[in-house]
Amino acid sequence: MSTVVFPLCLIATLLGTSVLAIVLGQSSTATPVVYGMTLAVSLVGLVASILWLIHGAVTPSVLTLPLGLPWLGAHFRLDSLAAYFLLVINLGSAAASLYALGYGRHEAEPQRVLPFFALFLAGMNLVVVADDAFSFLVAWEFMSLASWALVMAHHREEENLRAGYVYILMASLGSLALLLAFGLLAGPDGNYAFDSIRALRITPLRAGLVLGLATLGAGSKAGLVPLHVWLPLAHPAAPSHVSALMSGVMTKVAIYGFIRIVFDLLGPPAWWWCVPILAAGGGTAVLGILYALMEGDIKRVLAYSTIENIGVIFAGIGLALAFDANGRPAAGALALTAAFFHILNHAVFKSVLFFGAGAVLTATGERRLDRLGGLIHPMAVTSFAFLVACTAISALPPLNGFVSEWLLFQAILISTDLPHWGLKLLIPAVGALLALSAALAAACFVRLFGIVFLGRPRSPAAEHANEVDRWSQSAMLGLATLCVIGGILPGLVIDFMAPVVQSIAGARMPEQASIEWLSIVPVAESRSSYNGLVVFIFIATSAALAAYVIHRFASRTVRRAPAWDCGFPDQNPATQYTAASFAQPIRRIFGSYVFRARERVEMRPPGDLRPARFEIEQHDFAWELIYTPVTKLVLLAATRLNQFQYLTIRVYLSFVSFALVFLLLVLALWP
């Protein structure tokens, strides 16, 4: 039996789970039954993906079913690349399902979430195993529509309606771009099976067009700037476990689509293909984290942070394209390993962060940073897992986020001998942008953790918060543990993903398991190496030694006092740093140029007892420069075309006749 049958059976089970959720309706058993089944299916898919990759390169397994287009059928394929992304999908799905066993009990209308949650998981799995353009696009639309329904789960809130509208528009734009890309790939013969497309050799002009359309289609789903506008709207609108899946997993499915088209279907790359990808990656990384720093909503901060991480991944993919086009497969393998490592890392720590945001929302009912604070005591487990994830996403050693970004910088450092002067200038510039984004990310997550969990509660809701259920805690702690393991044992992860890198780049990084002391060596030990275990032991030992010295030689008396009063004797929480004040220095440096940020202070005259007012005005350049003019143009065109609905039957028939004659002429003149 073909191996690809197994994931198809899991997808069929998820579809059946969706039907079961509809049958159960509002029954009290619906939530545990549905999330229990999605957890079981995801765990089976996760274990199967690990086994496929552990046993080396997955021999491509194909299957054609008599579905879809009558002359094409539905093609499915399981290879190393698909197996790796199935791992990412099912890891995120299993964690989200486990979390939702507890979190889902708070859902007011579970019947609006449960059927679409299972459909969403099925759609993401189906995209990865699809092996023809028709099946791929159907699965892509399936995934988009299911996630749109989840974004609209709380449809009675006006801002969620806007989020759903923008999301479906951007999803349609991406699907249209991918449809055109596959049309160009298939050529005039129109054989949309991926095996047939691989056998074609298309012209450089068509290849460039396909690259642009694939970047537009996959980039809109992944969140590349300026196609990112749906993320900060949709992620806060969806339930938190769905937000985690959309941010940590669905964006990776989009990256899978881009890699499948550009590295697998498009043929050997030209050197300039990397230029727009590198530029988009570097710009997206910096702009994404700057947006995150300006935000005051915990889920919007995380959504913008996803944009930054997508930029980091695309920078790695762009580097791999540059090396591949210049005949340097080993360097390309290093860049791709960094990108694949970061894909896995982001799925893990971003899921923890959204789960933590969901836990805070459940405990307090608040998403505004300035209404939170002091949660480290009542929510100790959540705050610990959230802290681990904040450290990991800030790329601080010894956690997993540091390793992938360190590998990416190693790839940048060995790019100096590329022959093109444009790349000699562009790649260091992108490296500088990535370094800047890493520093800003650290500031962003110090701000996020400090405002939410430290200090004193800024609202009664935060003051009376309680820890969330054990299911949610287990999901967060499990993924936080993976952040630590991936950071202190990165060599095992690199070797694990080597078959995937080999299948795409034609080479792999040196085997890391044979290197002593669990170090990792990206190119050669004489150039650089890193040992996460040693760094972890050093940090743990230093912290323990510092604590011992302090308690041994300082006063043994323990004094308990309110935390973080900023030197003010007044116990009012308003004396603390706010999210806006924390970001003020960075806003004044970058905001006036990037967001045209303006600050307004209204000081009352002496004797006026009304409070002073401080307002911040900032703009999103993507909305104002791109989407607002397009919206105005569409409205203008719609207004002008509106008169066509008031014509006479004679004029309508004339139009139909002219259109028919025009189409016949096109067919007659078509070469």
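Structure: see above.
Residues numbered from 1 in each chain as written. Predicted model: local features only at pLDDT ≥ 70, side-chain atom pairs only at ≥ 80, totals over all residues. Heavy atoms only, no water.

Our focus in this paragraph is the overall build of the chain. When you go through the chain residue by residue, the secondary structure sums to 24 helices and four strands. Buried residues in the chain amount to 54% of all 671 residues. Here the contacts in the chain between residues at least 6 apart in sequence split such that 78% fall between residues at least 24 apart. Just so you have it, the chain exposes about 29,200 Å², and 68% of that area is on carbon and sulfur atoms. The averaged location of the 36 negative side-chain charges in the chain is 4 Å from the averaged location of its 40 positive side-chain charges. (Helix = DSSP H or I, 4+ residues; strand = E, 2+ residues; numbered from the N terminus. Buried < 20%, exposed > 50% of the residue type's maximum accessible area, 1.4 Å probe, protein only. Contact = heavy atoms within 4.5 Å. Areas by Shrake-Rupley, 256 points an atom, 1.4 Å probe, with all protein chains shown as cover. Lys, Arg positive; Asp, Glu negative; His and termini not counted. Charge placed at Lys NZ, Arg CZ, Asp CG, Glu CD.)

With 21 residues, helix α11 (residues 274-294) extends 30 Å between its outermost C-alpha atoms, agreeing within 8% with the 30 Å of an ideal straight helix rising 1.5 Å per residue. Summarising burial for α11: 16 of the 21 residues are buried, a large majority. (Expected span 1.5 Å × (residues − 1).)

So, on to the side chain of S519. In this structure, S519 sits in the loop between α20 (498-505) and α21 (532-553). In this structure the side chain of S519 is engaged in a polar contact, spanning 3.0 Å, whose partner is the side chain of N531. Setting aside residues no more than four positions away along its own chain, S519 makes contact with Q512, Y530 and N531. (Polar contact = N/O pair within 3.5 Å; in protein donor to acceptor, adjacent residues only side chain to side chain.)

Examined against the element boundaries, H106 turns out to sit in the loop between α3 (80-103) and α4 (114-129). Distance from H106 to L137, taken between C-alpha atoms, is 34 Å for residues 31 residues apart in sequence.

Now for helix α5 (residues 133-151). Over its 19 residues, α5 runs 27 Å from end to end, which matches the ideal 27 Å to within 8%, given 1.5 Å per residue. The N-capping residue of α5, defined by a side-chain oxygen 3.0 Å from the backbone nitrogen of F134, is D132.

Within the largest apolar cluster, 215 residues are counted, with the highest numbers of intra-cluster contacts made by M124, F136, M246, F340 and L407. At 21 residues, helix α13 (residues 329-364) tops the list of elements feeding residues into this core. Not counting chain neighbours up to four residues away, the residues in contact with F136 comprise V127, A130, L178, F182, F194, Y256 and G257. (Core = buried A, V, L, I, M, F, W, Y, C linked by side-chain atoms within 4.5 Å.)

It is worth spelling out the pattern of salt bridges at this point. For the coordinates displayed, the defined rule picks out 19 salt bridges. R600 serves as the salt-bridge partner of E615, at 3.2 Å between the closest nitrogen and oxygen. With a gap of 15 residues between them, E615 in strand β4 (residues 613-617) and R600 in strand β3 (residues 598-602) connect regions that are remote in the sequence. A single network of salt bridges, built from pairs that share partners, joins R77, D79, D131, D195, R198, R260 and D264. (Salt bridge = Lys/Arg side-chain N within 4 Å of Asp/Glu carboxyl O.)

Below, the discussion takes up the packing of helix α1 (residues 5-24) against helix α2 (residues 30-54). At a minimum axis separation of 10 Å, α1 and α2 run at an interaxial angle of 175 degrees. On the basis of their axis angle, the class for α1 and α2 is roughly antiparallel. Taking contact as the criterion, the partners of F6, P7, L10, T13, L14, T17, L20, A21 and L24 in α1 are, on α2, A30, V33, V34, M37, T38, V41, V44, G45, A48 and W52. Across the contact of α1 with α2, the residue classes break down as 15 nonpolar, four polar and no charged. (Axes fitted to C-alpha atoms, helices over the stretch in contact; angles between N-to-C directions. Parallel < 35°, antiparallel > 145°, perpendicular 65-115°, else oblique. Nonpolar A, V, L, I, M, F, W, Y, C, P; charged D, E, K, R; others polar.)

Counting through the fold element by element, D495 comes out in helix α19 (residues 490-496). A relative accessible area of 18% places D495 in the buried class. Side chain to side chain, D495 and R508 meet in a polar contact 3.3 Å long. A polar contact is formed between the side chain of D495 and the backbone nitrogen of Q512, at a distance of 3.0 Å. Those residues in contact with D495 that lie beyond four places of it in its chain are R508, P510, E511, Q512 and A513.

The omega torsion of the bond from V225 to P226 falls at 10 degrees, within 30 degrees of zero and hence cis. Here P226 shows up in the loop between α8 (204-222) and α9 (231-237). The phi dihedral of A395 falls on the positive side, at around 60 degrees, and the residue is not glycine. With respect to the helices and strands, the residue A395 is situated in the loop between α14 (380-393) and α15 (400-413). According to the relative accessible area criterion, A395 is buried, its value standing at 13%.

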